[in-house]
Amino acid sequence: MSNYSLVEINERYVDVLREIGNIGAGNATTAIASMLSIRVDMNVPKVELLEVSKLGACICPEDEIIVGIFLELQLDIEGSMMFLMRMDSAHYLVNKLMMRDESYNEDFDEMDLSALKEIGNIIAGSYLSALSGLTNLSISPSVPYLSVDMAASLLSVPAIEFGQYGDHALLIETEFGDDVMINGYFILMPDQGSYDKILKGLGFEM
């Protein structure tokens, strides 16, 4: 086994990481456009490798209420991932899906939460499909867990989970939409044993 970490992967192969972000965001945009039956444009995603402790500052204030969807990864790649949306983006997507007025801003009911979980699952699956396609590895997400809470509380979950795997996570910030642009944040943290598999899957000799 090598001593490669995700930090070194980022330093040496940042273009590959960015391509994962580009393909994943493109797949997610296509899936959301199909789900909502609308034309969706996408801006170039921003890809960063960050210390887990700094993730919150890059997303929103700690006391802001956001939506978080957390999954565990299995098969060839193990670890955790999370997809986060700010409330205005989450409301907009749910209202579109439920064919409600865009100004509707009531608390989410059970159907809304189920729709959000499905939206998050599709978006997360789009990024995992990109990673799987570039590495030729099989990646299976667990059943998603959804929560609506303060950012500090939500990010404490991946901080604890990610602590098992390392100090850094891959953050992909994406923006897509029609008349209104939606901001989403995809966080990926493979476990240490998956680093070699990712590098080999990308064609680099270990």
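Everything discussed here concerns the structure shown above.
Residues numbered from 1 in each chain as written. Predicted model: local features only at pLDDT ≥ 70, side-chain atom pairs only at ≥ 80, totals over all residues. Heavy atoms only, no water.

J.: Can you explain the overall build of the protein? Please cite residues and give values.
T.: When you go through the protein residue by residue, the secondary structure sums to 5 helices and 7 strands. Each helix (α) and strand (β) of the protein, taken in turn from the N terminus, gives the series α-β-β-β-α-α-β-β-α-β-β-α. Looking at the 206 residues of the protein, the share that counts as buried comes to 47%. For the protein, the proportion of contacts with a sequence separation of at least 24, taken over those separated by at least 6, is 72%. In the form shown here, the protein has an accessible surface area of approximately 9800 Å², with 48% of it arising from carbon and sulfur atoms. (Helix = DSSP H or I, 4+ residues; strand = E, 2+ residues; numbered from the N terminus. Buried < 20%, exposed > 50% of the residue type's maximum accessible area, 1.4 Å probe, protein only. Contact = heavy atoms within 4.5 Å. Areas by Shrake-Rupley, 256 points an atom, 1.4 Å probe, with all protein chains shown as cover.)

J.: Mind laying out helix 3 (residues 110-135), listing which residues take part and the relevant values?
T.: With 26 residues, helix 3 ought to run about 38 Å at 1.5 Å a step, and its terminal C-alpha atoms sit 37 Å apart, in line with that. For helix 3, the capping residue at the N-terminal end is Asp109, with a side-chain oxygen 3.1 Å from the backbone nitrogen of Met111. One or two residues past the end of helix 3 sits Asn136, with phi positive at roughly 60°. (Expected span 1.5 Å × (residues − 1). Polar contact = N/O pair within 3.5 Å; in protein donor to acceptor, adjacent residues only side chain to side chain.)

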